[in-house]
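So the chains spell out like this:
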Amino acid sequence: MNYKYTCLNPIAAVGLNNLDDRYARTEDFASADAVFVRSAKMDEMVPGANLLAVARAGAGVNNIPHAEYAKKGIVVFNTPGANANGVKELVIAAMLLASRDIVGGIEWVKANAADAAINKSAEKAKKAFAGTEIQGKKLGVIGLGAIGQKVANAAVHCKNVEDIYRACDFITIHVPALDSTKGMINAEALAMMKTGVIIVNAARDALVNEPDMLAALESGKVRKYVSDFPNATTAGKKGCIVIPHLGASTEEAEDNCAVMAVKEMRDYLENGNIVNSVNYPACSLGPANKAGRVAICHKNVANMIGQFTSILGNAGVNIDGGGRGPAQEERRRDSRARDQVKEGGGWRHSPTRP
Ligand SMILES: NC(=O)c1ccc[n+]([C@@H]2O[C@H](COP(=O)([O-])OP(=O)(O)OC[C@H]3O[C@@H](n4cnc5c(N)ncnc54)[C@H](O)[C@@H]3O)[C@@H](O)[C@H]2O)c1
């Protein structure tokens, strides 16, 4: 089986090099069987009839209409954790940048570069950029997933977010942007926090009610707000340190994401396995090492399996239903994989081996 794939954004060569000669690159989205993407917005793009899967080299999938794709049988993958260390390091840098006005200090040096006596005037000016150390301060981490866990080693252990709000000098947010989390850092949450708290947001700007944040910066409740998401509300505002979305911008993170995205795509196209999908249940039976494997994605409604087995039976294909030894072990894994599939109105992926 040969596949055509397209890349909607640059994908690191170290990942694409893992596609062998069964994979041919195309620039035509409409004819692609497989799509690799980073941040390109796919909402308005009409998927072609061939499209089987999309692999997002990164964590967030809000640029992909994955719920719609699920209905069309298109499996969407992401690469959880592959860029987590890149983001963790940016968070640590953000805490340091916010503790002293390092950015303001560097800007002062640039603005005064023509001053022949800058060494002396810096000694007078530097007071304005002084701050505090991070040693001994409490760090609260909201969201203990791939990124949050890496940041959490230095954190206090709190039972819930309210405890974090009340206890911590630094708060860093690592939850996904969901209906339940959007705007969670609002006036009410900010009011619970210690005066002078530093807040780091390398997750998504929608998690913070940014007008409330500006008011808290103005009143001195919040000392600095570091965001990795430039927008018109925060860019250039007093107390905001806004970074141009550099969280995952490291060579290592881009390579890790590309390698993982290609591995997931190949495992699905070649073996029918679904690992790290955001719109289909996990289902993995290891490599397909027999003549072939049929992976069927279908809506979980009555009488579907019967129709598939009739088609296979009419084609003279026997469905292995008994025996001992390796076949039995494969069936056991089959049923375990199917057990992971959510029942009731969802989507099922029923690998069927002729
Ligand atoms: N700045 C960047 O370039 C960059 C790069 C990668 C990921 N991200 C963002 O970072 C965030 C975290 O990514 P991740 O890979 O660690 O995700 P993840 O799915 O591994 O972890 C998210 C965690 O948040 C927890 N969570 C969800 N809702 C919560 C709530 N209301 N309160 C407390 N915890 C809650 C989940 O249980 C999970 O443990 C996401 O918003 C992602 O989009 C940003």
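Values in this document were obtained by computation on a predicted structure and should not be read as measured data. (Residues numbered from 1 in each chain as written. Predicted model: local features only at pLDDT ≥ 70, side-chain atom pairs only at ≥ 80, totals over all residues.)

Undergrad: Please provide a residue-by-residue account of the sheet that holds strand β8 (residues 197–201), values included.
TA: Ordered in space as β6-β7-β8-β9-β10, the five strands form an open sheet in which the pairing is parallel. Strands with a single pairing partner mark the edges of an open sheet, and in this sheet they are β6 (139–142) and β10 (240–242). With direction set aside, neighbouring strand axes in the sheet form an average angle of 15 degrees. Note that β6 and strand β7 (residues 170–173) share four bridges and pair parallel. Paired with Leu139 across the two strands is Phe170, which belongs to β7. Packing of helix α9 (residues 210–219) onto the sheet brings it into contact with β9 (222–227) and β10, and relative to β9 it is tilted by some 140 degrees. (Pairing = 2+ DSSP bridges. Helix = DSSP H or I, 4+ residues; strand = E, 2+ residues; numbered from the N terminus. Axes fitted to C-alpha atoms, helices over the stretch in contact; angles between N-to-C directions. Contact = placed C-beta atoms within 7 Å.)

Undergrad: Which residues make up the sheet that holds strand β5 (residues 75–77), and what are the values?
TA: Ordered by their spatial adjacency, five strands build an open sheet running β2-β1-β3-β4-β5, and the pairing between neighbours is parallel. In this open sheet, the two edge strands, each paired with only one partner strand, are β2 (23–25) and β5. Strand-to-strand twist in this sheet, taken as the mean axis angle between neighbours without regard to direction, amounts to 20 degrees. As defined by bridge partners, strand β3 (residues 34–37) adjoins strand β4 (residues 53–56) across four bridges and the pair is classed as parallel. Note on β4: the bridge partner recorded for Val37 is Arg56.

Undergrad: Give me the lowdown on the confidence of the model for the protein chain, citing residues and values where you can.
TA: With 89% of its residues at a pLDDT of at least 70, the protein chain reaches an overall mean of 86. Under a pLDDT of 50 for its full length, residues 322–354 has, in the predicted model, 52 contacts with residues more than four places off or in other chains. (pLDDT = per-residue confidence, 0-100.)

Undergrad: Report on the site of the ligand, specifying residues and quantitative values.
TA: Around the ligand, the surrounding shell holds 27 residues, and the nearest of these are Gly143, Gly145, Ile147, Ala203 and Gly247. Of all the secondary-structure elements, those providing two or more residues to the shell around the ligand are α3 (84–99) and α6 (146–151). Per-element tally for the shell around the ligand: the top contributor is α6, with three residues. Its residues assigned to classes, the shell around the ligand comprises 15 nonpolar, 10 polar and two charged. In terms of domain composition, the shell around the ligand takes at least three residues from each of domain 1 (1–83 + 249–280) and domain 2 (91–242). (Near = placed C-beta within 6 Å. Nonpolar A, V, L, I, M, F, W, Y, C, P; charged D, E, K, R; others polar. Domains from an automatic or database assignment.)

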